[in-house]
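Structure at a glance
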Amino acid sequence: MTNTVPLKKNYEFSRVYKNGRFSASKHLVVYVLDNKLQTNRLGITVSKKLGKAVTRNRIRRLIRENYRLMEGMVKRGYDLVIVSRKVDVIPSFYDIKKEMNYLLRKLDMINTEVGNQ
RNA sequence: UGAGUAAGCCAGACAGCUGCAUGUACAGUGCCGAAAGGCCGUACAUGAGGAAAGUCCGGGCUCCAUAGGGCAGGGUGCCGGGUAACUCCCGGUGAAGGUGACUUUAAGGAAAGUGCAACAGAGAUAUACCGCCGGUUUUACCGGUAAGGGUGGAAAGGUGAGGUAAGAGCUCACCAGCGGCAUGGCGACUUGCCGGCUAUGUAAACCCCACCUGGAGCAACACCGCAAAGAGGGACAUUUUGGUGGCCCGCCAGUCCCGGGUAGGUGGCUUGAGCUUUGCAGAAAUGCAUAGCCUAGAUAGAUGGCUGUCAAAUACAGAACCCGGCUUACAGGCUUACUCAUAAA
RNA sequence: GGCCCAUUGGUCAAGCGGCCUAAGACUCCGCCCUCUCACGGCGGCAACAGGGGUUCGAAUCCCCUAUGGGUCA
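Since we're looking at a predicted model, the values are computed, not measured.

**A few points about the pattern of salt bridges**
Within the structure shown, the criterion is met by three salt bridges. Residues Arg-41 and Asp-79 are paired through a salt bridge, measuring 2.9 Å at the closest nitrogen-oxygen approach. One end of the pair, Arg-41, is in strand 4 (residues 40-45); the other, Asp-79, is in strand 5 (residues 78-84), with 38 residues separating them in the sequence. Assessed through its relative accessible area of 14%, Arg-41 is described here as buried. Residue classification places Asp-79 among the buried residues on the basis of a relative accessible area of 1%.

**Here's the deal with the packing of helix 2 (residues 53-69) against helix 3 (residues 93-106)**
The N-to-C vectors of helix 2 and helix 3 enclose an angle of 55°; their axes lie 10 Å apart at closest approach. By the angle class used here, helix 2 and helix 3 are oblique. Every pair of crossing elements has a handedness; the one defined by helix 2 and helix 3 is right-handed. Contacts between helix 2 and helix 3 involve Leu-62, Ile-63, Glu-65, Asn-66, Tyr-67 and Leu-69 from the former and Phe-93, Ile-96, Lys-97 and Met-100 from the latter. Grouping the constituent residues of the contact of helix 2 with helix 3 by class yields seven nonpolar, one polar and two charged.

**Focus on the sheet that holds strand 5**
Strand order in the open sheet formed by five strands is 1-4-5-3-2, with mixed pairing between adjacent strands. Every other strand in the sheet has two partners, leaving strand 1 (4-6) and strand 2 (21-24) as the edge strands with one partner each. Across this sheet, the average inter-strand angle for adjacent strands is 20°, counted without regard to direction. As defined by bridge partners, strand 4 adjoins strand 5 across five bridges and the pair is classed as parallel. Residue pairing in the sheet places Gly-43 in a bridge with Val-81 of strand 5. The strands touched by helix 2 are strand 1, strand 3 (28-34), strand 4 and strand 5; relative to strand 4, the strand with the most contacts, the crossing angle is about 155°.

Here is what the cut-offs are and how they apply
- Residues numbered from 1 in each chain as written.
- Chains lettered and ligands numbered in written order.
- Predicted model: local features only at pLDDT ≥ 70, side-chain atom pairs only at ≥ 80, totals over all residues.
- Heavy atoms only, no water.
- Salt bridge = Lys/Arg side-chain N within 4 Å of Asp/Glu carboxyl O.
- Helix = DSSP H or I, 4+ residues; strand = E, 2+ residues; numbered from the N terminus.
- Buried < 20%, exposed > 50% of the residue type's maximum accessible area, 1.4 Å probe, protein only.
- Axes fitted to C-alpha atoms, helices over the stretch in contact; angles between N-to-C directions.
- Parallel < 35°, antiparallel > 145°, perpendicular 65-115°, else oblique.
- Left-handed = near helix turned anticlockwise from the far one by under 90°.
- Contact = heavy atoms within 4.5 Å.
- Nonpolar A, V, L, I, M, F, W, Y, C, P; charged D, E, K, R; others polar.
- Pairing = 2+ DSSP bridges.

Structure representation (structure tokens):
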């Protein structure tokens, strides 16, 4: 993830929740806010209500891997927060991929020239 | 073959592509920096568990006094051993359960004292309702009695015989309980003999006895930087205030509180009561010796993703200062020893 | 990560080991009152987080588990 650094502080998350645009699907919610930087900042939220440490680690890793694979297509200069919603079964890699692609396109975050290559 | 008991082991593997963290090496005269150094890149090595979990105990470590005294509080509770220590482990004793292999066991003291024992029942730590026996002023009283009935979790040892007006440890035998002596054992205790003739239960109720126990926790603590403070207001003057924690003493300091303000970094952070092999001691837990090994260390938090093969494999579950235990969760598979039943030889 | 606390009807809650078949209030249901509704009156349904242990007897005492919450930089 060469163009992305982690989003760390609680007040940074709060700013994105309060001021940013969002879009939701079955398993995910994505928040986006312009950060006026050269890089993107990514925060992943998996609530303790979703399960124990192994389950939460699994979801977080799937989200992170999918973001890594489509990072080249995402526009730069934004703060992103991806929240996992409560579900009964852990979603698969391809579910996450499909939903993330859909949500980022809906929020106009995909760089079309790179995406068409 | 079936049923079971005990002890122990494994916790998907391999291959390909592609990511992450740490360490080591190398290079670019790339970027930042005064420098030390840091960032970026490539290669290689290593990279979660038997419970990492719950936080129920015990320690190491750090700070508070070098952890001191007394009271209070808390914990443990058959005996011996092991250990750094333990509410742990091993072996044994007693008791309970099982045909058995074996399992379970908070198992000191009720004769130091206090409390409690609802309802039922005549009576609950002492008693006389029905009854039995004797007597009389004969249909109800008095006396004796605790065999029998009934109540209860528990009714002043149990069974049998003698004895008696009827009965009773009143007497005897056996059993149980208590005390003494002896035997075996380090000991819990066992076995035997003798004695007196009876002592409700509850201590996971207060308590007594013995032993242990200072408090807090890596968000401890140490250092650096920024900011703040050093301004202002208030308290105290050694019988006070704070460190100090449930209290008192003792010790230490000369200041302390309010107000204002608080988004950083480094160390602690992994070589340790460590792991593996062999030998010796021991019944075992464990100890000693020898040889070899280095085996996660993150800081929004690293082990991931996809594909293929194996009959199937997403069981429970993710290190956060580190160890020793306990408890709880758990798919499937394997090994060893033993018991019972049935059959065959 | 560490240290603490709590759990009783749908909700808020009281409860000396036996008087507990568990107080009370709100809610809900039925009846009465009223022309009707509300208020009021009468009656009813409904709970000790789960599992072991101690005890004659446990909501209460002890242990384990689950869930919820607080606090520390």
